[in-house]
Amino acid sequence: MVKICCIGAGYVGGPTMAVIALKCPSIEVAVVDISVPRITAWNSDQLPIYEPGLDEVVKQCRGKNLFFSTDVEKHVREADIVFVSVNTPTKTRGLGAGKAADLTYWESAARMIADVSVSDKIVVEKSTVPVRTAEAIEKILTHNSKGIKFQILSNPEFLAEGTAIEDLYQPDRVLIGGRETPDGFKAVKALKDVYAHWVPEERILTTNLWSAELTKLAANAFLAQRISSVNAMSALCEATGANVSEVSYAVGKDSRIGPKFLNSSVGFGGSCFQKDILNLVYICECNGLPEVAEYWKQVIKINDYQKTRFVNRIVSSMFNTVSNKKIAVLGFAFKKDTGDTRETPAIDVCKGLLGDKARISIYDPQVTEEQIQRDLTMNKFDWDHPLHLQPMSPTTVKQVSVAWDAYAATKDAHGICLLTEWDEFKTLDFERIFENMQKPAFVFDGRNVVDAEKLRKIGFIVYSIGKPLDQWLKDMPALA
Ligand code: NAD
Ligand code: UDX
């Protein structure tokens with residue numbers, strides 16, 4: 001029986017290994033982590049992450065050929081294939097702070113693999129890493145090994161949160177990069193055989209190591225670039241009376257462009273896009289390519305601009321002040337169908353409103369009060385000025401409350417901000433909400449989820465990103 005061990009039981013390691021276990025009953029899969037609470041949760045009925053369809057997959061395999069454990073060394077020692085799926089956040093201190101990937105967790109995992117191994121292994125980079133990381137990992141592994149052979153593969157993950165299980169069942173492609181040597185080809189074939197249990201062969205792409213590592217950064221940069229492009233257009237639409245939904249629909253009809261990833265929003269969030277583009281920017285700078293670095297940096301700058309523009313629009317529409325006004329924030333996660341709040345635009349929007357002394361009441365169906373308080377009190381990491389972190393003052397924190405549903409959040413509010421496109425927000429009883437709000441009642445739709453015309457008929461003043469503006473909003477232009 002082939003044994004797989006995955007170091008890192010997070011948003012990627014957990015679902016990916018669960019699907020491998022489901023699709024490959026002949027393979028034993030152990031997912032290990034240094035975090036005791038995370039592993040305890042994976043072994044309970046309350047999994048540590050919310051992901052549609054995940055519970056069923058875990059229930060089917062756990063205890064049969066899928067195991068979650070904190071005994072990292074034992075499972076690594078016994079494995080034939082070791083996936084490394086640890087976090088690779090942006091460095092916040094030292095050389096490259098604000099842009100470079102922090103490989104501390106990766107390096108410590110690699111050193112541990114070298115220390116505990118007693119047999120040959122294939123080590124798979126599942127985490128997103130800078131191009132040529134495999135070279136450094138090889139050095140760590142071979143330097144410490146006692147005649148043990150390690151083959152390093154790059155197998156980046158392309159799943160998106162909220163659709164992880166679907167994405168893993170039917171990936172557009174699986175990418176495997178390896179050394180172009182006989183042992184390298186053999187290792188690539190071994191990993192390919194795992195995926196071939198359910199992924200059609202033509203969807204399993206093999207490349208050299210550096211292409212696989214760089215493809216992951218490139219794919220995320222291209223995806224984020226589409227969102228910043230449509231968001232940049234949304235500002236121009238508001239200024240000219242064009243409608244961004246009509247523009248993006250018509251643009252996406254061009255088969256060379258395609259319809260996906262053209263939804264204008266308050267900005268992209270999530271743990272990957274900003275981090276991976278900053279990493280790409282840093283790599284370009286280190287390789288003497290400042291023009292290329294600047295090009296990709298603009299994708300992040302437009303994203304920051306979009307969030308600032310949204311906050312400015314709210315404040316200017318409400319007579320240039322939200323001081324002591326109650327603003328209901330509906331949705332805090334970075335997208336629907338996840339409880340993940342990493343880099344969610346809601347953090348910046350809430351902090352912007354709190355900066356103008358608003359009182360905010362937040363409701364999200366999957367994010368806990370504890371998580372929201374942690375996100376809003378944590379030092380905001382500023383990629384552009386990493387050394388000047390501003391702590392949140394305790395008085396500001398008192399301005400935040402968390403509600404149990406959308407009706408409680410909006411009661412007596414002056415305005416509503418929709419920041420996550422949860423399906424339940426589309427079917428809210430807005431007549432009831434309007435009745436219970438202060439007047440004039442505002443809706444600022446950061447995801448274009450509500451029917452603005454219907455809400456206007458009820459009496460709301462509605463701002464929808466990139467859509468023609470109400471007379472009220474035209475009379476009070478936002479300055480970005
Ligand atoms: P995560 O923070 O959810 O999980 C990482 C886990 O690794 C944590 O539970 C942590 O405790 C554990 N860990 C860290 N060091 C360890 C060590 N030395 N030994 C054992 N466990 C250790 O992160 P994630 O979202 O799963 O992302 C993992 C990687 O995958 C990142 O590089 C990320 O860029 C990439 N990725 C993420 C996504 C996504 O949607 N989240 C998608 C594709 C790729
Ligand atoms: C992303 C990549 O899609 C995935 O391939 C990679 O493996 C990890 O990073 P994820 O961050 O989980 O996945 O979600 P994604 O669906 O890409 O959304 C990212 C952000 O962009 C969200 O905040 C989402 O709301 C926003 N978005 C997405 C838009 O604003 N408009 C769009 O058209 C699409």
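Residues numbered from 1 in each chain as written. Chains lettered and ligands numbered in written order. Predicted model: local features only at pLDDT ≥ 70, side-chain atom pairs only at ≥ 80, totals over all residues. Heavy atoms only, no water.

Looking up the protein chain in an unreviewed UniProt entry gives the name UDP-glucose 6-dehydrogenase, with the organism given as Arabis nemorensis. As recorded by UniProt, the Catalytic activity (unreviewed entry) comment attached to the protein chain reads in full: "UDP-alpha-D-glucose + 2 NAD(+) + H2O = UDP-alpha-D-glucuronate + 2 NADH + 3 H(+)". Word for word, the UniProt comment on the protein chain under Pathway (unreviewed entry) is "Nucleotide-sugar biosynthesis; UDP-alpha-D-glucuronate biosynthesis; UDP-alpha-D-glucuronate from UDP-alpha-D-glucose: step 1/1." (UniProt positions renumbered as here; feature names shortened; annotations may be inferred.)

1. Side note on the nonpolar core
Core analysis: the largest hydrophobic core is formed by 58 residues, its most contacted members being Phe 310, Leu 330, Phe 332, Leu 353, Ile 360, Ile 362 and Phe 460. Looking at which element gives the most residues to this core, the answer is helix H13 (residues 345–355), with six residues. Leaving out residues up to four positions away in the same chain, Phe 460 has contacts with Ile 416, Phe 430, Ile 433, Phe 434, Met 437, Ala 441, Phe 442, Val 443 and Leu 455. Residues Val 19, Cys 24, Val 31 and Ile 122 belong to the second largest nonpolar core, which totals 42 residues. (Core = buried A, V, L, I, M, F, W, Y, C linked by side-chain atoms within 4.5 Å. Buried < 20%, exposed > 50% of the residue type's maximum accessible area, 1.4 Å probe, protein only. Helix = DSSP H or I, 4+ residues; strand = E, 2+ residues; numbered from the N terminus. Contact = heavy atoms within 4.5 Å.)

2. Examining the sheet that holds strand S9 (residues 326–330)
Adjacent strands of a sheet form backbone hydrogen bonds with each other and so pair up, either parallel or antiparallel. Taken in spatial order, the six strands of this open sheet run S11-S10-S9-S12-S13-S14, and their pairing is parallel. In this open sheet, the two strands that pair with only one neighbour each are strand S11 (400–402) and strand S14 (461–464). Sheet twist, expressed as the mean angle between neighbouring strand axes with direction ignored, is 20°. Note that strand S10 (residues 359–363) and S11 share three bridges and pair parallel. By the bridge assignment, Ser 361 is partnered in S11 with Ser 401. In the packing of helix H14 (residues 369–377) onto the sheet, the strands contacted are S10 and S11, and the crossing angle to S11 comes to about 160°. (Pairing = 2+ DSSP bridges. Axes fitted to C-alpha atoms, helices over the stretch in contact; angles between N-to-C directions.)

3. Points about the packing of helix H12 (residues 290–317) against H13
Close contact between H12 and H13 brings their axes to 9 Å; oriented N to C, the two are set at 40°. With respect to H13, the axis of H12 lies oblique. Between H12 and H13 lies a crossing of right-handed hand. Contact with H12, carried on its side by Lys 307, Phe 310, Val 311 and Ile 314, involves Pro 345, Asp 348, Val 349, Gly 352 and Leu 353 of H13 and no other residues of that element. Taken together, the residues of the contact of H12 with H13 break down into six nonpolar, one polar and two charged. (Parallel < 35°, antiparallel > 145°, perpendicular 65-115°, else oblique. Left-handed = near helix turned anticlockwise from the far one by under 90°. Nonpolar A, V, L, I, M, F, W, Y, C, P; charged D, E, K, R; others polar.)

4. So, the site of ligand 2
Among the 20 residues in the neighbourhood of ligand 2, the closest are listed as Phe 158, Leu 159, Ser 265, Phe 334 and Arg 447. The backbone of Leu 159 places a nitrogen or oxygen atom 2.7 Å from an oxygen atom of ligand 2. Take Leu 262: an N or O atom from its main chain is 3.4 Å from an oxygen atom of ligand 2. In the complex, the protein chains occlude 91% of the 660 Å² of accessible area that ligand 2 would expose alone. With four residues, helix H9 (residues 209–240) is the single largest residue contributor to the shell around ligand 2. (Near = heavy atom within 4 Å. Polar contact = N/O pair within 3.5 Å; in protein donor to acceptor, adjacent residues only side chain to side chain. Areas by Shrake-Rupley, 256 points an atom, 1.4 Å probe, with all protein chains shown as cover.)

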